[in-house]
Amino acid sequence: MARWCYRHRLVVLLLWVGALFGLGFSASTAGTNYANVFSLPDTDSKSAYDLMEKAFPNTSGDTDTVVWKVDRGSVKDQAVKDRVQPALDRIAKMKGVGAVTSPYAGARGSAQVSRDGKIAYAQLTFVKRANELPKELVQNVVDTAQGAERSGLQIELGGQAIQRVQEPPQGLSEMVGIVAAAVVLFLAFGSLFAMLLPIAIAVFGVGMGLFSTQLLSHTTDIPDIAPLLASLIGLGVGIDYALFIVTRHRKGILRGLDPEESAVTALNTSGRAVLFAGGTVCIALAGMLVTRLRFLDGVVIGASLTVVLSVLAATTLLPALLGFLGPRVLSRRQRRRLAADGPETEHVSGLAARWSQNVQKRPRRIAALALVVMAVLAIPVLSLRLGATDQGNDNASTTTRKAYDLLAEGFGPGFNGPLQVVTAGGDTAPLVKEIESTPGVARVAALPPAQGVTVIQVVPTTSPQSKQTDDLIDTLRDKVIPKAGAEAHVGGVTAVSKDFASVTGDRLPLFIATIIGLGFLLLLIAFRSLVVPLTAALMNLIAAAASFGVLVAIFQWGWGLSLLGLGKEGPINAFLPVIMLSLLFGLSMDYQVFLVSRMHEEWVHTRDNARAVRVGLAETSRVINSAALIMVCVFMAFVLSGDSGGAVAGVGLAAAVALDAFILRTALVPAAMHLLGKSNWWLPGWLEQRLPHLAVEPKEDAEPLGSDGPSSVVHGFIRTVDGDPVEGASVTLRTKGGRQLDRVTSLADGSYIVSVPGPGTYLLATSAASYGSKATQVVVADAPLVYDVELAEDEVDAVN
């Protein structure tokens, strides 16, 4: 497939460009229809909503607020009334608005004016819930109300329906993330063309994913946070997947391969790992479905579709673009050096090789230090509190945030999250009396009954997201209502948010067990090992605990929150742990696949665990760290999105990726694999026979068995860089598939000789205690082959 895309690059490019523009045109024509649908069966708040919908069909929809403040005088002044009341009358006549309760209508209206007379509000009740209302209607309400403003009269609007039309500017966070990623890529590659390749793949994958999600919003319920999360994960994986393939391709060209062969080899090695990694991300995202929360179904659809399209772009569009660039994927300096000095030798040196050697020498010390760091960062997770942010966390420039602040100023913080105690039949007076005497209640008002259903509005003394309000809901349900002998349910937005957090918390263990189990099964099949997937599962749990510890410290405790400009501290949004764990487990599995697949490749060739771990870490740590740095930049840019949920997810994922790549995959995982030795690759024989085969690495060529010609030998000398002989070096001859054919030790003069069964390509692996190691493919013809090996300290040579 890679070769076909490389050779038919113009056709592939035109197909992708046509698909992108076609989807873009269709999506812009159709518009959006995102819907936040919370399915909470068997909860108290759902029972309250069902009663209200039955008794008040025109008032059970979303309730929003118009609030105004005067600088001088009172809101009751005739001049103010003449400005505001006509606007409220026009809103009341709009189709889709059920009722408007004005403070200027009757004696009851005085309760809608603050004690100092500076602030008043009117309640708008729509006939449908917020997610079912057309945005045109809500925008018309906003424009009509704010059209009555004048100097000294401020008018703002709040509520869930209003919040839907106050979306932050789209594209800013994505652009900042792409620019930051471009800088990192240019520093890593030193080539403008090589830098643009991952960016282009991410743009195509994310663009088509977002357009497709927008079209699907007309056929199924997709929440409005889905496109933000889809672009967040799509940008990260799209750039990373292309980075891994381009890095392998550049390495192939530097080692003398033709650009086409190098691209095909890169796709047949790193491309396979990309396919596998993308599959693990989608499976981790699909794990959200076990929570049976309809709100998350649309997130799964949007994010998974974007990941699939990003993988498809990396495996089809990328080889086509590589065909257009040819050798220009290298920097000018690299091309000049390649032309002057010829292909590079296959070795890894420098910081990556030295770190890999240090991990091998001190695995216990490094593992202990990494565990201590992760444990300290995980401590705050013990005080994690799930809940819901409210409009007090909106951007300070939005009308919803201004309305929230005005209502809190005029009527108290609890006014922004009133509770609705709904009861059917019976005398409500004892219940109202009990509620009024409950600590934490500021005001109680029973609305006129309809069809035997009475709604009692309860205003808490504390804000909707405070723990005291949660405790008040529990008190009303468990003590106050039973004591009054009534059959009632506590509803309202705040109660729904609390119930959603409780349901999510209850289903979180099943969700975690599902995605860990699926990830374990995939790695078990891919790497034919029990220890590797167990290690990965444990590392994922450690990364999750530490990243949530960082989230709690910042967003719940408020450490450094003002620096991010994201409002005040509060509980962690209930749906974020599920979404974040899905993304975190998927991304963590990516790094595990890229790291361990390189180790496994070396293990198959040499059957030397220490060498396999050392080579795998030395060859992949730099690219994994570069990929992680790009993801951190992309995720942190979503702080600029203006969406509090997106900002929390961005910070949490940035912390998770940084900890996972820089501490776990670079230090703890390789240190643990050194300590575990060959047991890393152990799998019971009976299980080996029953597992299906899923090749992350390409199939090896047929191994020569000596039938193609007479036996021969490979002989030569093992020397240092200075030309001194190396005595006692281990020299092993293997087939390309890793089967050992002969093994000898060099003599005092550094000489060695190994037997070869016949002409063909073999692997010659050399290692010595005080030096590095080399593993090189040698081609043996009919005659004996003379091959001298030069060993250097702190150098790791790897098989390409």
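Structural data are supplied above this passage.
In this text, all values refer to a predicted model and were calculated from it rather than measured experimentally. In this numbering scheme, every chain counts its residues from 1 along its sequence in written order. Totals for whole chains, interfaces and linings use every residue, but because this is a predicted model, local features are given only for residues with pLDDT of at least 70 and side-chain atom pairs only at 80 or more, for both listing and counting. Just so you know, side-chain values use all the structure's heavy atoms and leave hydrogens and water out.

Caption draft 1: The arrangement of the overall build of the protein chain in detail. Scanning the protein chain for helices and strands turns up 24 helices and 20 strands. Considered along the principal axes of its C-alpha atoms, the protein chain spans approximately 110 × 55 × 45 Å. Residue exposure (1.4 Å probe, protein chains only): buried if accessible area is under 20% of the type maximum, exposed if over 50%, otherwise partly exposed. Looking at the protein chain residue by residue over its 800 residues, the buried ones come to 56%. Two residues form a contact once any of their heavy atoms are found within 4.5 Å. Excluding contacts between residues fewer than 6 apart, the proportion of contacts in the protein chain whose partners are at least 24 apart in sequence is 77%. Strands here mean DSSP runs of E at least two residues long; helices mean DSSP runs of H or I at least four residues long; both are numbered from the N terminus.

Caption draft 2: View of the environment of Arg3. Relative to the elements of secondary structure, Arg3 occurs in helix H1 (residues 2-7). Spatially, the C-alpha atoms of Arg3 and Ala537 are 36 Å apart, while their sequence positions differ by 534 residues.

Caption draft 3: Fine view of the side chain of Gln85. Its place among the elements puts Gln85 in helix H4 (residues 78-92). The exposure class of Gln85 is buried, given its relative accessible area of 17%. Throughout this description, a polar contact denotes any pair of N or O atoms lying within 3.5 Å of each other; where both atoms belong to protein, one of them has to be capable of donating a hydrogen while the other can accept it, and for residues adjacent in sequence the pair is counted only when both atoms sit in side chains. There is a polar contact of 2.9 Å between the side chain of Gln85 and the side chain of Asp89. Apart from residues lying up to four places away in sequence, Gln85 is in contact with Ser102 and Tyr104.

Caption draft 4: Focus on the sheet that holds strand S1 (residues 63-70). Read across the open sheet, the 4 strands follow the order S2-S3-S1-S4; overall the sheet is antiparallel. Each edge of the open sheet carries a strand with a single partner, namely strand S2 (97-101) and strand S4 (153-158). Recorded for the sheet is a direction-independent mean angle of 20° between the axes of neighbouring strands. Two strands pair when backbone bridges link them, and S1 and S4 are joined in this way by 6 bridges, in the antiparallel orientation. Residue pairing across strands places Thr65 opposite Gly158, the latter belonging to S4. Each axis is a line fitted through C-alpha atoms, taken for helices only over the stretch in contact, and angles between the N-to-C directions span 0 to 180 degrees. Relative to S2, H4 is tilted by about 160°, and along the sheet it contacts S1, S2, strand S3 (119-126) and S4. The sheet contacts of helix H5 (residues 135-146) involve S1, S2, S3 and S4, and relative to S4 the element is tilted by about 165°. Pairing between strands requires that DSSP locate at least two bridges from one strand to the other.

Caption draft 5: The pairing of strand S17 (residues 773-780), seen in detail. Burial analysis of S17 places 6 of its 8 residues in the buried class, which makes it a mostly covered element. As judged from the 8 bridges shared by strand S16 (residues 760-767) and S17, these two strands associate in the antiparallel manner. Among the inter-strand pairings, Leu763 is bridged to a residue of S17, identified as Gln777.

Caption draft 6: Quick look at the sheet that holds strand S8 (residues 441-446). Here we have 4 strands laid out as an open sheet, ordered S8-S9-S7-S10, and antiparallel in their pairing. In this open sheet, the two strands that pair with only one neighbour each are S8 and strand S10 (488-491). Between one strand axis and the next, the sheet turns by 20° as a mean value, whatever way the strands run. Pairing analysis gives 4 bridges linking strand S7 (residues 419-424) to S10, with the strands arranged antiparallel. By the bridge assignment, Thr423 is partnered in S10 with Ala488. Relative to the sheet, helix H16 (residues 429-436) contacts S7, S8, strand S9 (453-460) and S10, its axis offset from that of S8 by approximately 165°.

Caption draft 7: Structural view of the pattern of salt bridges. Here a salt bridge means any side-chain nitrogen of Lys or Arg lying within 4 Å of a carboxyl oxygen belonging to Asp or Glu. A complete count under the given rule lists 15 salt bridges for this structure. For Lys498, the salt bridge is made with Asp474, and the minimal N-O distance between the two is 3.0 Å. Pair noted here: Lys498 is in helix H18 (residues 493-527) and Asp474 is in helix H17 (residues 467-484), with a separation of 24 residues, a long-range link. The class for Asp474 is partly exposed, based on a relative accessible area of 30%. Salt-bridge contacts for Arg528 lead to Glu688; the nearest nitrogen and oxygen are separated by 3.2 Å. One end of the pair, Arg528, is in the loop between H18 and helix H19 (531-556); the other, Glu688, is in helix H24 (residues 685-690), and 160 residues separate them in sequence. Here the salt bridges share partners, and the residues they tie into one network are Arg3, Arg7, Glu260 and Glu261.

Caption draft 8: Fine view of the packing of aromatic side chains. Working definition: a ring pair exists when centres of Phe, Tyr or Trp rings (six-membered ring for Trp) sit within 6.5 Å. Plane angles under 30 degrees give stacked, over 60 give edge-to-face, the rest tilted. On inspection of all chains with the given rule, the structure shows 7 aromatic pairs. With a centroid separation of 5.2 Å and an interplanar angle of 90°, the aromatic rings of Tyr121 and Phe411 are classed as edge-to-face. With Tyr121 in strand S3 and Phe411 in helix H15 (residues 399-411), this pair connects stretches of sequence that are 290 residues apart. Residue classification places Tyr121 among the buried positions, given a relative accessible area of 8%. Three or more aromatic residues joined by ring pairs form one cluster here, namely Tyr121, Phe411 and Phe415. Between the NZ or CZ atom of Arg9 and the centre of the ring of Tyr6, over which it lies, the distance is 5.4 Å. Arg328 extends its terminal NZ or CZ atom over the ring of Phe193, reaching a point 5.6 Å from the ring centre. A ring is scored as having a charge over it whenever the NZ atom of a lysine or the CZ atom of an arginine sits within 6 Å of its centre and within 35 degrees of its normal.

Caption draft 9: Examining helix H12 (residues 332-341) more closely. For H12, the buried fraction is low: 1 of the 10 residues fall into the buried class. Positive backbone phi, at 85°, marks Gly342, one or two positions downstream of H12.

Caption draft 10: Fine view of the nonpolar core. The biggest cluster of nonpolar side chains holds 153 residues, and the ones touching the most others in it are Tyr241, Met288, Tyr591 and Phe635. The leading source of residues in this core is helix H21 (residues 576-606), at 17 residues. Contacts of Phe635, omitting those with residues within four sequence positions, involve Leu232, Leu587, Gly650, Leu653, Ala654 and Val657. In this description, a nonpolar core means a group of buried Ala, Val, Leu, Ile, Met, Phe, Trp, Tyr and Cys residues linked to one another through side-chain atoms lying within 4.5 Å. In terms of nonpolar packing, the next biggest core, distinct from the first, is built from 31 residues, Ala87, Leu124, Ala130 and Ile155 among them.

Caption draft 11: Local environment of the environment of Ile579. Mapping Ile579 onto the fold places it in helix H21. Linking Ile579 and Val300, residues 279 residues apart in sequence, is a C-alpha distance of 8.8 Å. For Ile579, the contacting residues outside a window of four places in its chain are Leu229, Met288, Leu296 and Val299.

Caption draft 12: A look at the side chain of Thr315. Mapped onto the secondary structure, Thr315 falls in helix H11 (residues 294-325). Of the polar contacts made by the side chain of Thr315, one reaches the backbone oxygen of Val311; its length is 2.9 Å. One polar contact links the side chain of Thr315 to the main-chain carbonyl oxygen of Leu312, over a distance of 3.3 Å. Leaving out residues up to four positions away in the same chain, Thr315 has contacts with Met1, Leu267, Gly271 and Leu275.

Caption draft 13: Molecular detail of H17. Multiply 1.5 Å by the residue count of a helix minus one, and that product is the helix's expected span. With 18 residues, H17 extends 24 Å from end C-alpha to end C-alpha; this agrees with the ideal 26 Å at 1.5 Å per step. The largest bend in H17 is about 45°, located at Leu476. Within H17, burial applies to Thr469, Asp470, Leu472, Ile473, Leu476, Arg477, Val480 and Ile481. Once H17 finishes, Gly485 follows within two positions and takes phi at roughly 70°, a positive value. For a residue, the bend is simply the angle between two axes, fitted respectively to the seven-residue segment ending there and the seven-residue segment starting there.

Everything listed here is a matter of coordinates, which is why it stays silent on function.
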